[in-house]
Amino acid sequence: MRRRRGRPLNGWLVIDKPSGMTSTQVVGRAKRLFDAQKVGHGGTLDPLATGLLPLAFGTGTKTVPYIMDGTKVYRFTLKMGEARDSDDADGEVTGHSDVRPTDDQLRAALPALTGDIMQVPPVFSALKVAGERSYDMAREGRPPELPPRPARVDRFELIERVDEDTAIFEVESGKGVYMRALARDVALACGTVGHITALRRLRVGPFTEADAITLDKITPNEENAHASPELLRPVATALADIPALALTADEAASLLHGQSLSLVDLMGRIPQTEEGETIRAMEGGRVLGLCRLEDGWLRPVRIL
């Protein structure tokens with residue numbers, strides 16, 4: 001078998017992504033800096049956007065779905081009066097409006113865009129239509145009509161009205177919510193058009209801005225030409241929001257062999273959860289894997 005190039009590093013690194021880079025470019029840069037075998041990211045950011053881009057190394061990639069399912073917080077700047085085909089400042093102008101809503105009108109539009117909503121994604125998105133990427137079709141002058149998709153917005157606030165044309169909003173949401181679509185729809189709900197000129201992600205699951213590092217701070221250590229693995233956070237860091245269950249050495253051994261454990265034997269240790277919820281199985285300070293409580297059993301879902 002061909003040996004995979006790079007070092008077998010495991011963990012998480014939270015990058016403060018600069019504007020102008022794609023998420024894939026950040027992954028490639030980090031992979032080279034660390035000489036890592038395997039790196040992935042926990043949720044795409046648009047090239048225009050800045051902020052938290054969690055990178056998973058090695059076995060950390062197994063926990064990516066749990067990061068992507070976590071709560072995210074964004075702050076974006078809406079410019080009103082000008083529509084763009086990409087719904088952000090990188091796109092071409094497609095329309096104008098002289099209408100400028102008041103602060104009260106903007107706030108009045110937010111409840112309809114909060115909670116469980118149906119959202120039409122931007123045509124410049126990675127969604128596939130008949131096997132083609134929507135953004136490829138849009139660039140070729142064939143923008144598809146994308147159907148509305150379910151989305152969950154937990155909080156949507158007007159933070160600041162900078163001037164007549166510009167307002168800043170903060171959003172707390174689940175996965176798969178497009179900030180560009182929210183900005184577009186707020187403007188449309190107020191009888192005008194608009195697009196995002198700045199977008200920053202402030203939180204992803206358990207990660208906050210305090211956890212982030214810029215790419216230019218990742219420098220080679222003194223011993224070799226690659227960044228130090230000490231910069232990486234443990235794989236378990238990504239699972240901090242998931243309730244933990246402590247197991248004995250014998251129970252841990254059984255779980256690692258794929259065996260389910262009877263909840264009767266775990267009474268008194270089971271965290272407050274509901275049937276079917278995910279549990280983080282621990283032995284001491286070590287995360288063994290992720291499990292679910294089902295039909296009286298603790299069943300392994302993902303062993304780390």
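Quick caveat, the model's predicted, so the values are computed rather than measured.

All right, on to the pattern of salt bridges then. Tallied over the entire structure, the rule returns 23 salt bridges. Its salt-bridge partner being Arg155, residue Glu170 comes within 3.1 Å of it at the nearest N-O pair. Residue Glu170 is located in strand β11 (residues 166-173), and its partner Arg155 is located in strand β10 (residues 149-163); the two are separated by 15 residues in the primary sequence. Owing to a relative accessible area of 11%, Glu170 belongs among the buried residues under this scheme. Look at Arg155 and you get partly exposed, because its relative accessible area is 22%. Between Arg286 and Glu283 there is a salt bridge whose closest N-O contact spans 2.9 Å. Of the residues examined, Arg286 reaches a relative accessible area of 45% and is grouped as partly exposed. Judged by its relative accessible area of 24%, Glu283 falls in the partly exposed class. Put simply, Arg75, Arg155, Glu157, Glu170 and Glu172 are held in one network by salt bridges that share partners.

What follows covers the packing of aromatic side chains. This structure, assessed with the given rule, holds 5 aromatic pairs. Summarising the aromatic geometry, the rings of Trp12 and Phe207 are spaced 5.7 Å apart at their centres and angled 45° between planes, so their arrangement reads as tilted. On the criterion of sequence distance, the pair formed by Trp12 in strand β1 (residues 11-17) and Phe207 in strand β13 (residues 207-208) is long-range, its members being 195 residues apart. Overall, the relative accessible area of 0% leaves Trp12 in the buried class. Feature note: the residues Phe76, Phe156 and Phe169 constitute an aromatic cluster, connected by ring pairs.

Those residues carrying the UniProt feature "active site" (unreviewed entry) are Asp46 in this numbering. Examined against the element boundaries, Asp46 turns out to sit in the loop between β2 (39-41) and β3 (50-57). Beyond its immediate sequence surroundings of up to four residues, Asp46 is in contact with Lys17, Met21, Arg180 and Leu199.

Definitions and cut-offs
- Residues numbered from 1 in each chain as written.
- Predicted model: local features only at pLDDT ≥ 70, side-chain atom pairs only at ≥ 80, totals over all residues.
- Heavy atoms only, no water.
- Salt bridge = Lys/Arg side-chain N within 4 Å of Asp/Glu carboxyl O.
- Helix = DSSP H or I, 4+ residues; strand = E, 2+ residues; numbered from the N terminus.
- Buried < 20%, exposed > 50% of the residue type's maximum accessible area, 1.4 Å probe, protein only.
- Phe/Tyr/Trp six-rings, centres within 6.5 Å; stacked < 30°, edge-to-face > 60°.
- UniProt positions renumbered as here; feature names shortened; annotations may be inferred.
- Contact = heavy atoms within 4.5 Å.

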